[in-house]
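Topology and contacts: notes
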Amino acid sequence: MKYKILTLGWEFPPQINGGLGVASLGLTRALSEYAEISVIIPRSDPRTLAENFQLIGANEVDIEKLAGETPKIHRSILSKVHIDYVDVSLSGYEQPTLYYTRKPASRPVMVVERPVKDNIIGMPRKFRLGALYGSDLLTRISEFTDIASRLSRKLQFDFIHAHDWMTFLAGLEIKAISGKPLVLHVHSLEYDRSGPEKKGYVFELEKHAMQEADLVMAVSDYTADVIENHYEIDPDKIWVVPNGLEKLKSYRKTPPFPEKLVVFAGRLVAQKGPGYFLEMAMKVLEKYTNVRFAIAGQGEKLPELVQTVAEARLGDKIHFTGFLSGKDLRKLLAMADVLVMPSVSEPFGLIATEAVQMGVACVISHQSGVSEVLKHAPKANYHDTDQMAAWVLSLLNDPSLWRKTVAATQKDLESISWDISARKAIAGFERLSAQKK
Amino acid sequence: MPSVCLYFQVHQPYRLRPYSVFHIGSHHKYWNKRQNESLLKRISDHCYLPANQTILSAIEKHKGKFRVAYSLSGSVLEQLENFRPDVLDSFRRLAQTGCVEFLAETYYHSLSFLFDREEFFRQLTLHKSKIQELLGQSPSVFRNTELIYQNHLGFYISQLGYSGIIAEGTQAGLHGRSPHYLYHPPHYNKIKLLLRNYALSDDLGFRFGDRNWAHYPLHTDVFAGWLASQQGEVICLGLDYETFGEHHKADTGILGFLEALPEAVLQTGNLDFLTPSEVFARYEAKGSFDASRFQSWAGTDKDISPWKGNEMQEEALEKVYGLRQQVLEKNTPEILREWSLLQTSDHFYYMATREGADANVHAHFSPWKSPFDAYIHYMNVITDFQIKLNKV
């Protein structure tokens, strides 16, 4: 007998802005070989390929036909916590401009007053279309919780599998209604996004949900450590399910300029360490001039980064690309010699696996999940820009080291696949099942 | 009887196209041809043509009593030649009335005086011959980009044989004295300075369309009354020409205001119109105007910070002027022209990071979404230009 799993997702390709959507889909597809899966997401898109599982978009659900009362649990959670801001790192995702002008760097974090009222929960007819992230994220989460929990009454399942904090309330709600075990899948944490010192509402929600959950799946040992040590979750409840690999069509492209190319790719937020990338770049340029740097991505740090580059008079050496589509990002990687990922805290680090596949040598921070996979990649602590610069210089100066690094890290990737991840996840469900008996 | 000296600044830059890291080294097409052409055509229809017609009618009606001056940049003249020869013809008709004076400026509307005196001289010479070629005049009065001025500019320009300079009547230089007299640089009386009255100029340039302004809507006879009540010898009003129909759209009544202004001014009975060179011929300098620091007509601070006020602007300016030697070594017309167009002050204006009222003015004129975009794309172009210069 295959398990029946009710999966709660937030991002699903093509509705993505980072690794979460890619990984949710990759894992769900692979799991569908071993289990019967129904997925509820905020918005379904006809372009999503759901070959082997049922995909339900909350935007398609007709609320009138759903049975059940307005859920109570998430209402009580929401009203217990004083919600006085919406996390700015989420509301700034994916604006079409290079610089998100509504939030100048000189101003303090935008404060959105969001008093808890009954009408947040309300009775939405359909999940409102629009951005997955934004200033009314909590309203969307509340609406999603409402719809998903009512929908769950009509579905048969053995486990609830909820991906990241936006779906955790729905997971708790459905657990309360159905009595089925709740498995949380952690792709990224507030600890990563906002740093250890900022423990706001999202952190509290994550912690509460993990305490209530029956099992917490983490995408890396790194993330499992954070869950244990910073969220104080019982390590026996934590189960590591490493991410698989999104296979890319690999190609190389000669850049139109004569210099070598070193790339940063990621949102321009503190978590991704773009400032350390700049420090590293300046140290490299002191010793090696035949190189350009490209910073691909956008975010609240852009003004500060640009001004730092200008102050150093390196605007003709360090180039900002703004947000790149997947196609353009791969084109940039195809031209790149080295990718540096100086993430301060990175549960996984999908970009490094993409870069390796595109034939780029990667220098990655120890504070990343992907460092467990890319055993042969040169590594440094995220703040150790001397070490990072030394690695980049070695790779630029020594073609044979560069070739060996690319080949060895490509071999490293052979150790992961979504099928391996799915089997690891199934083992987790099995363990849970055995415990319950 | 004070004289009114009215001059209009006419300039359109060649704006850059979005130029990403993928373009560097792959092609050298820097200019946003479509945008430049469509903006020029729009502004020609909304402003240049109707305003020129209004000025021409007023000159004909008042038989020599209404007189004005224009400062046309080389880059707007070129674009008019290419895309709107009809507008150029209308400027020629104005030139033929004998009541219109054309002023000297840098061909590329650049900040070259700040960075490279030889380049500044080259652009002045180039501009002079362009005005001679297209409009049949040889300018004798100088007006620097955005009225940027400093004492040294006075000495330099006088040695080139110009009769006077127009500068902003800043409080820092006037120390409470009236802008309605001519002045000279400290300890140097070989050149005269005509000072723009920014309060009265800004009534038209900025406040005219402001519904919250106490004098909104401003009537011509009220404004003429303000002019007539001024003491002194000359009231200099300087405006972006685009004020008439572009910055203030036609529905604000700005073109009607322009049409009625000459008659209203002349009817006061104690005002006349003079062009700048006529002002310099009629009046003597009354005192010294000390601008030891660079001043300009822009913003609230009247300094050069709108172009050279942050690190992005500083780097961009350093990099473009730093290419001088390589550009001269290449010595091709195409390279020289591209380098010159990259010096146009507008590129640096778009990079200004300012707050408050000035920020809105910057944003209004910028084709970029933010000053950071302006810098990023400009620096990508500079990078490609460097690569091009380094090729044999």
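Residues numbered from 1 in each chain as written. Chains lettered and ligands numbered in written order. Predicted model: local features only at pLDDT ≥ 70, side-chain atom pairs only at ≥ 80, totals over all residues.

Below, the discussion takes up the overall build of chain B. Summing up its helical and strand segments, chain B has 17 helices and 12 strands in all. Relative to its length of 392 residues, chain B is compact, with a C-alpha radius of gyration of 21 Å against a globular reference of 21 Å. On the principal axes, the C-alpha backbone points of chain B span a range of 65 × 50 × 40 Å. Of the contacts formed within chain B by residues at least 6 apart in sequence, a portion of 77% connects residues at least 24 apart. (Helix = DSSP H or I, 4+ residues; strand = E, 2+ residues; numbered from the N terminus. Rg over C-alpha atoms; globule rule 2.2 N^0.38 Å. Contact = placed C-beta atoms within 7 Å.)

Glancing now at the overall build of chain A. In terms of helices and strands, chain A carries 16 helices and 13 strands. In chain A, buried positions account for 51% of the 437 residues. Restricting the contact set of chain A to residue pairs at least 6 apart, pairs at least 24 apart contribute 70%. (Buried ≥ 20, exposed ≤ 12 C-beta atoms within 10 Å, placed from the backbone.)

Let us look at the interface of chain B and chain A. In this complex, chain B contributes 23 residues to the contact, which on the side of chain A involves 21 residues. Where the side of chain B that touches chain A is concerned, the elements lending two or more residues are α12 (311-321) and α17 (371-390) of chain B. When residues in the side of chain B that touches chain A are grouped by element, the largest group, 10 residues, is from α17(B). Taken together, the residues of the side of chain B that touches chain A break down into 10 nonpolar, 7 polar and 6 charged. (Nonpolar A, V, L, I, M, F, W, Y, C, P; charged D, E, K, R; others polar.)

What follows covers the environment of B:Ala104. All names here are of chain B. Along the chain, Ala104 falls in the loop between β3 (100-102) and α4 (112-115). Sequence-wise, Ala104 and Phe273 are 169 residues apart; in three dimensions their C-alpha atoms are separated by 20 Å. Sequence-distant contacts of Ala104, defined by excluding residues within four places in its chain, comprise Leu124, His127, Lys128, Pro139, Val141, Phe142, Arg143 and Tyr162.

On to the packing of helix α5 (residues 137-152) of chain A against helix α6 (residues 168-178) of chain A. Residue and element names in this part refer to chain A. At their nearest, the axes of α5 and α6 sit 9 Å apart, and the two run at 30° to each other. Compared by their axis directions, α5 and α6 come out roughly parallel. The chirality of how α5 crosses α6 is right-handed. Of the residues in α6, those touching α5 at Ile141, Phe144, Thr145, Ala148, Ser149 and Ser152 are Leu169, Ala170, Glu173, Ile174, Ile177 and Ser178. In the contact of α5 with α6, the residues fall into 7 nonpolar, 4 polar and 1 charged. (Axes fitted to C-alpha atoms, helices over the stretch in contact; angles between N-to-C directions. Parallel < 35°, antiparallel > 145°, perpendicular 65-115°, else oblique. Left-handed = near helix turned anticlockwise from the far one by under 90°.)

A few words now on the sheet that holds strand β9 (residues 291-296) of chain A. Consider a sheet: its strands pair through backbone hydrogen bonds, and that pairing is either parallel or antiparallel. All names here are of chain A. The strand order across the open sheet formed by 6 strands is β10-β9-β8-β11-β12-β13, and the pairing between neighbours is parallel. If you trace the sheet from one side to the other, it starts and ends with β10 (318-322) and β13 (379-380), each paired once. When strand β12 (residues 361-365) meets β13, the two strands line up parallel, connected through 2 bridges. Of the residues in β13, the one forming a bridge with Ser365 is Ala380. On top of the sheet, helix α10 (residues 274-287) reaches β8 (260-265), β9, β10 and β11 (338-341); it is set at about 175° to β9, its chief contact. (Pairing = 2+ DSSP bridges.)

Turning to the pairing of strand β2 (residues 68-72) of chain B, a few remarks are in order. All names here are of chain B. For β2, the tally of buried residues reaches 5 of 5 residues, placing the bulk of the element in the interior. A two-sided burial pattern is seen for β2, the buried positions comprising Val68, Tyr70 and Leu72 on one face and Ala69 and Ser71 on the other. With 4 bridges joining them, strand β1 (residues 3-10) and β2 adopt parallel strand pairing. Residue pairing for β2: Tyr7 is matched across the bridge by Ala69. With respect to chirality, the unit in which β1 leads through helix α1 (residues 33-62) into the neighbouring parallel β2 is right-handed. (Right-handed = clockwise from strand over helix to strand, strands pointing away.)

This part takes up the packing of α1(B) against helix α10 (residues 254-267) of chain B. Residue and element names in this part refer to chain B. Where α1 meets α10, the axes come as close as 9 Å, and the angle between the chain directions of the two elements is 20°. In this view, α1 runs roughly parallel relative to α10, as classed from their interaxial angle. The way α1 lies across α10 gives a crossing that is right-handed. From α1, Pro50, Ala51, Thr54, Ala58 and His62 reach across to α10, where they touch Leu255, Leu258, Glu259, Pro262 and Leu266. Counted by class, the contact of α1 with α10 contains 7 nonpolar, 2 polar and 1 charged residues.

One finds A:Leu339, A:Cys362 and A:Val392 to be the most contacted residues of the largest nonpolar core, which totals 236 residues. With 9 residues, the single largest contributor to this core is α17(B). Residue contacts for A:Leu339: discarding those within four places in its chain leaves A:Val263, A:Ala265, A:Leu333, A:Ala352, A:Ala355, A:Val360 and A:Cys362. (Core = buried A, V, L, I, M, F, W, Y, C linked by C-beta atoms within 7 Å.)

Residue and element names in this part refer to chain A. The parallel open sheet is built from 7 strands, whose spatial order is β3-β2-β1-β4-β5-β6-β7. The sheet is open, and its two borders are formed by β3 (54-57) and β7 (238-240), each paired with just one other strand. Taken over all neighbouring pairs, the strand axes of this sheet differ in orientation by 20° on average, direction set aside. Of the pairings in the sheet, the one linking strand β1 (residues 3-8) to strand β4 (residues 159-163) comprises 4 bridges and is parallel in character. Bridging across to β4, Leu6 finds its partner in Ile160. The strands that α6 touches are β1, β4 and β5 (182-186); relative to β4, the one it contacts most, it runs at about 165°.

Okay, the confidence of the model for chain A next. Confidence in the prediction for chain A averages 84 pLDDT; 82% of positions are at 70 or higher. Within the model, the stretch residues 78-130 of chain A combines pLDDT values under 50 with 96 contacts to residues more than four positions away or in other chains. (pLDDT = per-residue confidence, 0-100.)

Let us now look at the pairing of β10(A). Residues and elements named next belong to chain A. Burial analysis of β10 places 5 of its 5 residues in the buried class, the great majority of the element. Bridge count between β9 and β10: 4 bridges; the pairing is parallel. Counted as the bridge partner of Ala294 is His319 from β10. Note that the unit made of β9, helix α11 (residues 302-311) and β10 has a crossover that is right-handed.

Moving on: unusual backbone geometry. Each neighbour pair has its own omega, and for B:Tyr216 with B:Pro217 the value is -15°, a cis peptide bond. Here B:Pro217 shows up in the loop between α8 (198-207) and α9 (220-228). Look at A:Glu232: it is not a glycine, yet its phi comes out positive at around 55°. In this structure A:Glu232 comes out as exposed when scored by C-beta crowding, with 10 C-beta atoms within 10 Å. Not every positive phi belongs to a glycine, and B:His175 is a case in point at roughly 45°. For B:His175, the location among the structural elements is in the loop between α7 (171-174) and β6 (182-184).

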